[in-house]
Amino acid sequence: MSPNARSARGSEAVPAPRLLPLGDGALTLELGDRIDPALNARVMAARDALAALKLDGISDVVPTYRSLTVHFDPLRLDREMLGRRLLEVALAPLQQSAQATRWLLPVVFGDEFGPDLAAVAQATEHSEAAVIDALCTTELRVFLIGFLPGFPYLGELPEWLRLPRLVTPRAAVPANSLAIAGAQAAIYPWASPGGWRLLGRTPVRLFDLNDTARPALLAPGDTVSFTPVGRDEFHRLAAAVAAREIDAAEWQAK
Amino acid sequence: MIEILDCPMPVIVQDAGRPGYRHLGVPLSGALDPEWLAIANALVGNPASSAALEMRLLGLRLRAMAPLTFALAGACTAQIEDRSGELRQAAAWDNHALAQGETLIVGKLHDGIAYLAFAGGLDLPEVLGSRSTYVRARIGGLDGRALKAGDCLKVGAGATPNPLRLPQAPHRPDGPLRIVPGPQREYFTDAAWRRLLGDEFIVSREADRMGLRLDGPRLEHDPARGGDIVSDAVTPGVIQVPGDGRPIILLADCQTVGGYPKIATVIGADLPRLGRALPGQTLRFVEVGVDQAIAARRQAANDLAECIAGMVPSGAQLDLIALNNANLIDGVIDARQANQP
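Just so it is clear, the structure is predicted and the values come from calculations on it, not from any experiment. (Residues numbered from 1 in each chain as written. Chains lettered and ligands numbered in written order. Predicted model: local features only at pLDDT ≥ 70, side-chain atom pairs only at ≥ 80, totals over all residues. Heavy atoms only, no water.)

## Structural notes on the nonpolar core
The tendency in soluble globular proteins is for nonpolar side chains to be buried side by side. Within the largest apolar cluster, 79 residues are counted, with the highest numbers of intra-cluster contacts made by L53(B), L60(B), F70(B), L116(B), F118(B) and F285(B). Setting aside residues no more than four positions away along its own chain, L53(B) makes contact with V11(B), I12(B), V13(B), L60(B), A114(B), Y115(B), L116(B), F118(B), L122(B), L147(B) and L153(B). (Core = buried A, V, L, I, M, F, W, Y, C linked by side-chain atoms within 4.5 Å. Buried < 20%, exposed > 50% of the residue type's maximum accessible area, 1.4 Å probe, protein only. Contact = heavy atoms within 4.5 Å.)

## What about the environment of P176(B)?
All names here are of chain B. Mapped onto the fold, P176 is located in the loop between β11 (164–165) and β12 (177–181). A sequence separation of 107 residues divides P176 from L283, and the C-alpha atoms of the two residues are 6.8 Å apart. Apart from the residues within four sequence positions on either side, P176 is in contact with D270, R273, R284, F285 and V286. (Helix = DSSP H or I, 4+ residues; strand = E, 2+ residues; numbered from the N terminus.)

## Quick look at the sheet that holds strand β3 (residues 58–63) of chain A
Residue and element names in this part refer to chain A. Spatially, four strands are ordered β1-β2-β4-β3 in an open sheet, and the strand pairing comes out antiparallel. Strand pairing shows two members of the sheet lacking a second neighbour, β1 (18–21) and β3, which therefore form its edges. Each strand of the sheet is rotated relative to its neighbour by a mean of 20°, with strand direction disregarded. Here strand β2 (residues 26–30) pairs with strand β4 (residues 67–72) via five bridges, running antiparallel. Residue pairing in the sheet places A26 in a bridge with H71 of β4. Together, β2, β3 and β4 form the strand contacts of helix α1 (residues 37–53), whose direction differs from that of β4 by roughly 30°. Of the strands in this sheet, β1, β2, β3 and β4 touch helix α2 (residues 79–89), which is tilted by about 20° from β2. (Pairing = 2+ DSSP bridges. Axes fitted to C-alpha atoms, helices over the stretch in contact; angles between N-to-C directions.)

## Some details on the environment of R18(A)
In this fold, R18(A) is placed in strand β1. Owing to a relative accessible area of 12%, R18(A) belongs among the buried residues under this scheme. Sequence spacing of R18(A) and C136(A) is 118 residues, and the spatial spacing of their C-alpha atoms is 37 Å. A distance of 2.9 Å separates a polar atom in the side chain of R18(A) from a polar atom in the side chain of E186(B). (Polar contact = N/O pair within 3.5 Å; in protein donor to acceptor, adjacent residues only side chain to side chain.)

## Some words on helix α4 (residues 128–137) of chain A
Among all positions in α4(A), only V131(A), I132(A), A134(A), L135(A) and C136(A) are buried. The elements touched by buried residues of α4(A) are β5 (102–109), α3 (117–124), β9 (177–181), β12 (197–201) and β13 (223–228) of chain A.

## Examining the confidence of the model for chain B
Any residue range with low pLDDT should be treated as having predicted coordinates unsuitable for detailed reading. Overall, the prediction assigns chain B a mean pLDDT of 90, with 91% of residues at 70 or greater. Reported for the predicted complex are a pTM of 0.89 and an ipTM of 0.90. (pLDDT = per-residue confidence, 0-100.)

## Some remarks on the state of the cysteines
All names here are of chain B. The tally for this structure, following the rule as stated, stands at zero disulfides over all chains. Summary of cysteine pairing: C307 is not part of a disulfide, and the nearest cysteine sulfur, belonging to C76, is at 16 Å. Judged by its relative accessible area of 17%, C307 is buried. (Disulfide = S-S within 2.5 Å.)

## Concerning the sheet that holds β5(A)
Residues and elements named next belong to chain A. What the seven strands build is a closed barrel, ordered β5-β12-β9-β10-β7-β6-β13; its pairing is mixed. Pairwise comparison of adjacent strand axes, ignoring direction, gives a mean angle of 40° for this sheet. Bridge count for β5 against β13 is six bridges, and the pairing is parallel. Bridge pairing links V107 to P228 in β13. Of the strands in this sheet, β5, β9, β12 and β13 are in contact with α4, which crosses β13 at around 140°.

## Some remarks on the packing of aromatic side chains
Taken as a whole and judged by the stated rule, the model has eleven aromatic pairs over all chains. Each ring, one from F151(A) and one from W196(A), has its centre 6.0 Å from the other, and the planes form 80°; the classification is edge-to-face. Note that F151(A) is positioned in the loop between β6 (140–145) and β7 (152–155) and W196(A) in the loop between β11 (192–194) and β12, a separation of 45 residues in sequence. For the residue pair F151(A) and W196(A), the accessibility class agrees, reading buried in each case. An aromatic cluster is defined as three or more aromatic residues linked by ring pairs; in this entry it consists of Y65(A), F143(A), F147(A), F151(A), Y153(A), Y188(A) and W196(A). The residue whose ring lies beneath R225(B) is Y187(B), and the NZ or CZ to ring-centre distance is 5.1 Å. The ring of W36(B) has R276(B) lying over it, and the distance from NZ or CZ to the ring centre is 4.5 Å. (Phe/Tyr/Trp six-rings, centres within 6.5 Å; stacked < 30°, edge-to-face > 60°. Lys NZ or Arg CZ within 6 Å of the ring centre and 35° of its normal.)

## Topic: the pairing of β3(A)
All names here are of chain A. Here β3 pairs with β4 via five bridges, running antiparallel. Across the sheet, residue V62 finds its bridge partner in β4, namely T69. Where β3 hands over to β4, the hairpin turn is made up of three residues, counted between the paired strands.

## Concerning the side chain of R66(A)
All names here are of chain A. Relative to the helices and strands, R66 resides in the loop between β3 and β4. Using a relative accessible area of 2% as the deciding quantity, one classes R66 as buried. Only 2.9 Å separates the side chain of R66 from the side chain of E30, close enough to count as a polar contact.

Shown next, in the form of structure tokens:
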């Protein structure tokens, strides 16, 4: 670690960027320790600035809520040099990331698609329509992809819609379920155990193993909005997706 | 083509892993012991990253549907049964021919893990650039799952005969696993750090390709910080500690991010040793600096290249030495490039 990596935190609210060692083959640039869209935007700016340097020997660059981790081969890329570059890109100016995309995803709410919708409405003392409306009028940020391939951590939900996880997780959440927990929303790309509350389902394919260039539809830094569709429209879209009649670009916000 | 007749423990297809997709939540995966995978492949003349079978604890029985050449890396009891039922031994660290209809029987794996490579590699579709199996999302390998009786796997064509053996089993280092302090070292008391370095830990039964949960002393968090962080990235070798204080060492199939504080990371050079660790095994740790860790990684790459360069012709086929040497240079060139300062 370079001597200036742990520079003293000033009195300002924003802590100084610092380098954290993640073994000999990875370095983490930590920009903060909170879930906060502004902090996440700085992570994405650092990611973009690092990508522009086109350094050799990097295998993966993983942005999270608050940090950027570079997995690299220390026999090909000098660790000290990488550390210096990371502290430089930490200060990259915020700008609309060239990589960021705005998505508008259709969702069928309630019934068997969103078995927790009624309970969520009751717990928040709102109507089901108000819950749906809140989800469809809030532009959510993709903070992070993790947990499962293509699983997006989206945020942030309105204060009144924030509920704890289910006490007893489901053994099997159906693939493509839209779910919420706390300030966050997510879509399960795969059937999986899960403790988030299920509100609806999207016909959109979130992870495509055949697309090696961009297997995950959503990327960190993107934004996501939902638009409600009826049961028939959901089935029509799902069939078209399965038949590969709909290109992923169809889901970009116009 | 091979047909799996029986596999009592999970046997899965692995290669060198699936880098480049961790920002999308796709784990690295790949062989738990990439060194032995490389050795198994070199013995049959494959590139180091060819797909092979990873076996744990117990081997399998399989039948050759067509003539093939295989090699085993990892000490084990293995025999070949010909069509008349006669058995002959198949030593590890050497390669052997299977005639059509012959059966390979791999029994107990004395090192806990072993790799079975076939000349030509396993011919399966690449998924996101790799044939490694990631069972949790059913990606790669054969339908994204462990093998079962009745499965048939195609062996790649066009293999060049290159029968080699290792004069002796590769050196297995022992002693403490080397660690560097983790990104959240400050989340732990100094007493916890001393315990990590001074005490013994036992690999529990909760051990799979995602990680090893350790029994032994609890590592307590600094009460002012607690046992949760806002998730950030993890990597194989990370020692993370949930609120109960029981450390978990992450392995090849670990998730890409995690919300537990990470007290330390096992260095890259010692990851293959973690891959061989079994429930009940005692682990000790020793702290090294990052510079020492990188030097150890360079040494390990050199040792592997030397091990492969030191392979000798299998049996009496000495006239193949020249051919072997020519092929070997292909096999180790990556490692040699990687060793340049």
